[in-house]
Amino acid sequence: MLLKFTKMHGLGNDFVVVDAVSRKVFFNKQQIERLSDRNWGIGFDQLLVVEPPTQPDMDFRYRIYNSDGSEVEHCGNGARCFAKFVLDRELTNKRVINVETKRGVIQLRVLDDGLVTVDMGMPSFDPKELPFTAEPSDALYGITAGGDDFLMTPVSVGNPHAVIKVDQLTDNQVSTVGALIECHERFPRKVNVGFMQVINPDEINLRVYERGVGETQACGTGACAAVVAGIKQGWLSPKVTAHLRGGDLQIEWQGEGHPILMTGPAEKVFEGQIYL
Ligand SMILES: N[C@@H](CCC[C@H](N)C(=O)O)C(=O)O
């Protein structure tokens, strides 16, 4: 089968986006792994599959797969690219779009300047949500990886994140510690690992070792997780600029009972077709 796709990115976190509204498309794990390969396929961090809604009052459903073929609950940069995709393809003309995801319903708002604000839903600090094996606590949690001890905040923003505050961001720490914690036995469904350097209460530097992918240029849910973790720990204010390797995201969280808002860009790179 010849598959039409659009290559997109949000701050360098890259996606292949497929229209499964106009024509049904299904992928198995092996196909996703092959397509995601940067030498043998197209190359992407996540595959986004745009489908018709299954519930009334919803505009679309979209499914998200990591490059290792695992299906995930949520993707911040992907959500913004999804919004640009459905508008560019004229699958909708709405600028406020309600979307079903595996994590539940999210709402996307396309702004006049082309940026997209995503209502990412409420965070949860309950370790059972990630899941993470620990007793509930308001404090930081300790974890040992590679013989070293780290303090982290486990947080679910729909998908699981472990946020570690560091003084300096280093390549070695992100790749080595990130890979160890991603697959740590205390996270039975694995975890995305964020390394956050607090510059001041309104600004952070962040690198994320993503579950099922490795380090990416940017992670939208990772930025949300880092900011809400920083607010929860008293380090950050309610509106924060997150500097990622691929650029900046604006994250807002007014505290318990409020959703997280994420604003940033979405870009189309090219369209193509490939044999599945
Ligand atoms: N890049 C994404 C997150 C994609 C899913 C993640 N790797 C997971 O397994 O939960 C983002 O921008 O949020």
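Basis of the calculations
Residues numbered from 1 in each chain as written. Predicted model: local features only at pLDDT ≥ 70, side-chain atom pairs only at ≥ 80, totals over all residues. UniProt positions renumbered as here; feature names shortened; annotations may be inferred. Core = buried A, V, L, I, M, F, W, Y, C linked by C-beta atoms within 7 Å. Buried ≥ 20, exposed ≤ 12 C-beta atoms within 10 Å, placed from the backbone. Helix = DSSP H or I, 4+ residues; strand = E, 2+ residues; numbered from the N terminus. Domains from an automatic or database assignment. Contact = placed C-beta atoms within 7 Å. Pairing = 2+ DSSP bridges. Expected span 1.5 Å × (residues − 1). Near = placed C-beta within 6 Å. Nonpolar A, V, L, I, M, F, W, Y, C, P; charged D, E, K, R; others polar.

Going by the annotation in an unreviewed UniProt entry, the name recorded for the chain is Diaminopimelate epimerase, with Marinomonas profundimaris given as the source organism. Quoted straight from UniProt, the Function (unreviewed entry) entry for the chain says "Catalyzes the stereoinversion of LL-2,6-diaminopimelate (L,L-DAP) to meso-diaminopimelate (meso-DAP), a precursor of L-lysine and an essential component of the bacterial peptidoglycan."

**With respect to the nonpolar core**
Counting 77 residues, the largest nonpolar core has Val-17, Phe-82, Ala-223 and Val-227 as the members making the most contacts within it. The leading source of residues in this core is helix H4 (residues 220-232), at 8 residues. Two domains each put at least three residues into this core: domain 1 (2-121 + 265-275) and domain 2 (127-253). With near-sequence residues (within four places) excluded, Val-227 lies in contact with Leu-236, Val-240, Ala-242, Ile-251 and Trp-253.

**Let's talk about the pairing of strand E7 (residues 104-110)**
Along any regular strand the residues' side chains alternate between the sheet's two faces. Of the pairings in the sheet, the one linking strand E6 (residues 96-101) to E7 comprises 6 bridges and is antiparallel in character. Note that in E7 the partner of Asn-98 across the bridge is Gln-107. Here E6 folds back onto E7, and the loop between the two strands holds 2 residues. When E7 meets strand E8 (residues 116-119), the two strands line up antiparallel, connected through 4 bridges. Paired with Arg-109 across the two strands is Thr-117, which belongs to E8. The hairpin turn running from E7 into E8, its antiparallel successor, is 5 residues long, and Gly-114 in that turn takes a positive phi close to 90 degrees.

**Brief notes about the pairing of E8**
Only one face of E8 is buried: it carries Val-116 and Val-118, and the other face, with Thr-117 and Asp-119, is open. Inspection of the sheet shows E8 paired to strand E17 (residues 260-264) by 4 bridges, in the antiparallel sense. Within E17, the residue paired with Val-118 across the bridge is Met-262.

**A short note on H4**
Taking 1.5 Å of rise per residue, the 13 residues of H4 would be expected to cover 18 Å, and the 18 Å separating its terminal C-alpha atoms lies within 8% of that figure. Where burial is concerned, most of H4 is hidden: 12 out of the 13 residues are buried. Just downstream of H4 lies Gly-234, where phi reads positive at about 85 degrees.

**Here's the deal with the environment of Val-17**
Residue placement: Val-17 occurs in strand E2 (residues 13-19). Along the sequence, Val-17 and Leu-48 sit 31 residues apart, while their C-alpha atoms lie 4.7 Å from each other. Other than its neighbours up to four places away in sequence, Val-17 contacts Phe-5, Thr-6, Met-8, Leu-48, Val-50, Cys-81, Phe-82 and Phe-85.

**A look at the site of the ligand**
Every one of the 19 residues lining the ligand counts as a neighbour, but Asn-77, Asn-159, Arg-211, Gly-220 and Thr-221 are closest to it. For the shell around the ligand, the elements supplying multiple residues, two or more each, are helix H2 (76-88) and H4. Per-element accounting of the shell around the ligand gives the leading share, 3 residues, to H2. Classifying every residue of the shell around the ligand by side-chain character gives 4 nonpolar, 12 polar and 3 charged.

**So, unusual backbone geometry**
As a rule of thumb, non-glycine residues mostly have phi less than zero, and peptide bonds are mostly trans rather than cis. Cis geometry is found at the peptide bond from Leu-130 to Pro-131, where omega equals -10 degrees. Its location among the elements puts Pro-131 in the loop between E8 and strand E9 (141-145). Positive phi, normally seen in glycine, also occurs at Leu-11, with a value near 55 degrees. Locating Leu-11 in the fold gives a position in the loop between strand E1 (2-10) and E2.

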